[in-house]
Amino acid sequence: MRSTAFLSLLPLLLPLIGSCSREQVKADTIIRGGTVYDGTGGEPVVADIALRGDSILAIGQLGDSYKGAREIDATGLAVSPGFINVISWAQDALIADGRSQSDLRQGVTLEVMGEGESMGPLNEKMKQEKLERQGDIRYDIEWSTLGQFLEYLERRGVSTNVASFLGAATPRVNVIGYENRPPTPDELERMKEITARAMAEGALGVASALIYMPGSYSTTEELTALASVSAQYGGIYISHIRSEGNRFLEALDEFLEIARRSGARSEIYHFKAAGQVNWDKLEQAIAKVEAARAEGLPVTADIYPYTAAETGLYAVMPTWVQEGGFEAWVERLQDPKVRERLRREMNEPGEGWENFFYLAGAENIKLVGLKNDSLKALTGMSLAEVAARNGTNPAETSMDLVLRDGSRVSAVFFLMSEEQVRRKISLSWVCIGSDAESSAPEGVFLKASAHPRAYGTFARVLGKYVREEKIISLAEAVHRMSGLPATTLRLERRGFLKPGYFADIVVFDPQTISDRSTYEQPMQYATGVKHVLVNGTPVIRDGEHTGAKPGRFVRGPGYKG
């Protein structure tokens, strides 16, 4: 097998080879004449890229010395590494439709899942709970461990590559269940053993989501212990920190403490100050992160380029009412005394929990996902509008929706400012993730709405913030969506355009790439992506899906096959 070093020198040697032989180097695909952004953030060059099998064979002025079985004319177009969606919720969607259309049509070639909870390891009780909580997308659970789930996706066929963190709540539920208490020493050891097995199977690290039950029950000591195991396997600790609102800075301090004590490379999920009352905290938070980085702490963050979040209505209620799991939550919501207490606490800032009801306001909470057919007509309405229609107050309305729908009810929460989105995009240590499923405007996906970030995140960065507003350069944006996350996650041979690297490649028009998805009409594909290849196989050709599903399970640095 040719070495990577030899492959990189091959274009320079070709004139000498040509003087001795007329034989052409054969490639499966050659992308000709594109402006190549290699993922490093450096200046682009006009070059050809030859691919053989699943990898990049050569990059340079290849001319007639290389012959491709298929050739792509990329003249006037940008050619970059495939984008890495560092926070994806594509797991259920990929089971329903492995084509991953809304992300793939933006250039995403790797979906990274697992925030807070992951699809394994699951014990029998957890499998049953997951079956009962399924919404529009229904499926049998044919796996137990996290590695088995990702292998299951690969066998079914997916167009993008797939990877996952171990959700920090998953070992907790395996060992403790949904109780609000710290683990005993023995229980913590069992949780660490579960973490070690997941890392050896290929998990990228440990991911916590600390505003949600049961993740919110985790102590700093527990999280540090799990993050330390991740670090031993070369993985990272990534966190939706305990507060993005009223206790944002205190939550950031806890995150940095875990990073220091565990020794893990660490990343902050969807870095933001939530609620207008907290917007002035963003600059203080940036200063804290940059001070930590200056002292040598390997800390990064990711964002989605929108002013609204999406989560369930569990984010409008304190976590004490949810202790014990969904069924316990539903039972409490039927108790008049509990409901009275909830009405009071939901209309207060929130002591010890992140109160999205208070931070957003009912008029800024838009329903996007209900599973009960009798309630689907409410999709797209605000919580305030539904309350007015029902003649109830918004707090009671949210309780009734959870009860009637038998679900957590997905909603969009308008919490951030556009000015601060721009500020975060300007930061060199911030990468991009959608925090959404990978959907399609067809089939089962039409039974619910979506946040526009599911269809527009990566195209929005390239169109709005690079081309139109010029906040960062195109080369820097490509780096933030490919090379930076690949380096942070220690992905082998991915994230850059280099000979010997996997051929995950996007060809797009930098003059036309745009997001079209809106809050009113979210299910609209982005435009401007011409071609996408995953592991050397074309999955988007001339803007249309080819039907190919060459995606693979991308394993983390601790994998022990």
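Attention here is on the structure that accompanies the text. Values in this document were obtained by computation on a predicted structure and should not be read as measured data. (Residues numbered from 1 in each chain as written. Predicted model: local features only at pLDDT ≥ 70, side-chain atom pairs only at ≥ 80, totals over all residues. Heavy atoms only, no water.)

Turning next to the overall build of the protein. Looking only at helices and strands, one finds 19 helices and 21 strands in the protein. Its C-alpha atoms give the protein a radius of gyration of 24 Å, within 12% of the compact-globule value 24 Å for 561 residues. In terms of overall dimensions, the protein has a C-alpha envelope of 90 × 50 × 45 Å along the principal axes. A separation of at least 24 residues holds for 76% of the contacts in the protein among residues at least 6 apart in sequence. Accessible surface, the protein as shown: approximately 21000 Å² in total, 48% of it carbon and sulfur. If you average the places of the 63 positive and of the 73 negative side-chain charges in the protein, the two averages end up 3 Å apart. (Helix = DSSP H or I, 4+ residues; strand = E, 2+ residues; numbered from the N terminus. Rg over C-alpha atoms; globule rule 2.2 N^0.38 Å. Contact = heavy atoms within 4.5 Å. Areas by Shrake-Rupley, 256 points an atom, 1.4 Å probe, with all protein chains shown as cover. Lys, Arg positive; Asp, Glu negative; His and termini not counted. Charge placed at Lys NZ, Arg CZ, Asp CG, Glu CD.)

Take helix α5 (residues 146–156) next. Turning to α5, its buried residues are L146, G147, F149, L150, Y152 and L153. At the C-terminal side of α5, G157 shows a positive phi close to 105°. (Buried < 20%, exposed > 50% of the residue type's maximum accessible area, 1.4 Å probe, protein only.)

Right, let's talk about unusual backbone geometry for a bit. In this structure, P121 follows G120 across a cis peptide bond, with omega equal to 0°. The omega torsion across M213 and P214 is 5°, close enough to zero to call that bond cis. With respect to the secondary-structure elements, P214 resides in the loop between β10 (205–209) and α8 (220–232). The backbone phi angle of H270 is positive, close to 30°, even though this residue is not glycine. Note on placement: H270 falls in the loop between β12 (265–268) and α10 (282–294). Residue K470 is not a glycine yet carries a positive backbone phi of 55°. Tracing the backbone shows K470 in the loop between α17 (453–468) and α18 (474–481).

Here we come to the sheet that holds strand β14 (residues 308–312). A sheet is described by the order of its strands in space; here 3 strands give the open sequence β14-β16-β15, paired in antiparallel fashion. Two strands in the sheet have a free side with no partner beyond their single neighbour: β14 and β15 (365–369). Each strand of the sheet is rotated relative to its neighbour by a mean of 30°, with strand direction disregarded. Across 5 bridges, the pairing between β14 and strand β16 (residues 410–414) is antiparallel. In the sheet register, T311 faces β16, and the bridge partner there is A411. (Pairing = 2+ DSSP bridges. Axes fitted to C-alpha atoms, helices over the stretch in contact; angles between N-to-C directions.)

Further remarks concern the packing of aromatic side chains. This structure, assessed with the given rule, holds 16 aromatic pairs. Between the aromatic rings of W143 and F149, the centroid separation amounts to 4.9 Å while the plane-to-plane angle is 55°, which identifies the pairing as tilted. With relative accessibility at 1%, the residue W143 sits in the buried group. Relative accessible area serves as the criterion here: at 1%, F149 is assigned to the buried category. Three or more aromatic residues joined by ring pairs form one cluster here, namely Y139, W143, F149 and Y152. Taking NZ or CZ as reference, R105 lies 4.3 Å from the ring centre of Y525, over its face. Across from the ring centre of F502, 3.9 Å away, lies the NZ or CZ of R494, which sits over that ring. (Phe/Tyr/Trp six-rings, centres within 6.5 Å; stacked < 30°, edge-to-face > 60°. Lys NZ or Arg CZ within 6 Å of the ring centre and 35° of its normal.)

On to the pattern of salt bridges. Within the structure shown, the criterion is met by 31 salt bridges. With its nearest N and O atoms 2.9 Å apart, the salt bridge here joins R99 to D97. Of the residues examined, D97 reaches a relative accessible area of 12% and is grouped as buried. The network of salt bridges with common partners includes R32, D48 and E71. (Salt bridge = Lys/Arg side-chain N within 4 Å of Asp/Glu carboxyl O.)

In this section: helix α12 (residues 336–346). Turning to α12, its buried residues are V338, R339, L342, R343, E345 and M346. Of the surrounding secondary structure, the elements contacted by the buried residues of α12 are α11 (326–332), α13 (356–360) and α15 (394–405).

This part takes up the sheet that holds strand β6 (residues 83–85). The strands making up a sheet associate through backbone hydrogen bonding, with each pair oriented either parallel or antiparallel. With parallel pairing, the 3 strands of this open sheet are ordered in space as β6-β7-β8. A single partner strand is all that each edge strand has here, and the edge strands are β6 and β8 (161–164). The sheet shows a mean angle of 20° between the axes of neighbouring strands, taken without regard to direction. Inspection of the sheet shows β6 paired to strand β7 (residues 108–113) by 3 bridges, in the parallel sense. Across the sheet, residue F83 finds its bridge partner in β7, namely V108. Packing of α5 onto the sheet brings it into contact with β7 and β8, and relative to β8 it is tilted by some 170°.

Okay, the side chain of S266 next. Mapped onto the secondary structure, S266 falls in strand β12. Within the local environment of S266, its side chain forms a polar contact with the backbone oxygen of A264, the two atoms lying 2.9 Å apart. Beyond its immediate sequence surroundings of up to four residues, S266 is in contact with Y237, F255, A259, P298, V299 and T300. (Polar contact = N/O pair within 3.5 Å; in protein donor to acceptor, adjacent residues only side chain to side chain.)

Attention now moves to the pairing of strand β3 (residues 55–60). Burial analysis of β3 places 5 of its 6 residues in the buried class, the great majority of the element. Bridging between strand β2 (residues 45–52) and β3 involves 5 bridges; their strand directions are antiparallel. When the sheet's bridge partners are listed, D48 is paired in β3 with G60. Hairpin connection between β2 and β3: a loop of 2 residues separates the two successive antiparallel strands, and G53 in this loop has a positive phi of roughly 65°.

So, on to the side chain of E111. In this structure, E111 sits in strand β7. In this structure E111 is buried but unpaired, with R453 as the nearest side chain of opposite charge at 12 Å. In terms of polar contacts, E111 uses its side chain to reach the side chain of S100, at 3.0 Å. Setting aside its immediate chain neighbours within four residues, E111 contacts N85, S88, A90, S100, D103, T160, N161, V162, A163 and S438.

The next point concerns the environment of L297. When you line up the elements, L297 lands in the loop between α10 and β13 (299–303). Sequence separation of L297 and R265 is 32 residues, and the distance between their C-alpha atoms is 7.6 Å. If sequence neighbours within four positions are ignored, L297 has contacts with L256, A259, R260 and A292.

From the geometry alone we can't say anything about function, so treat these as descriptive.
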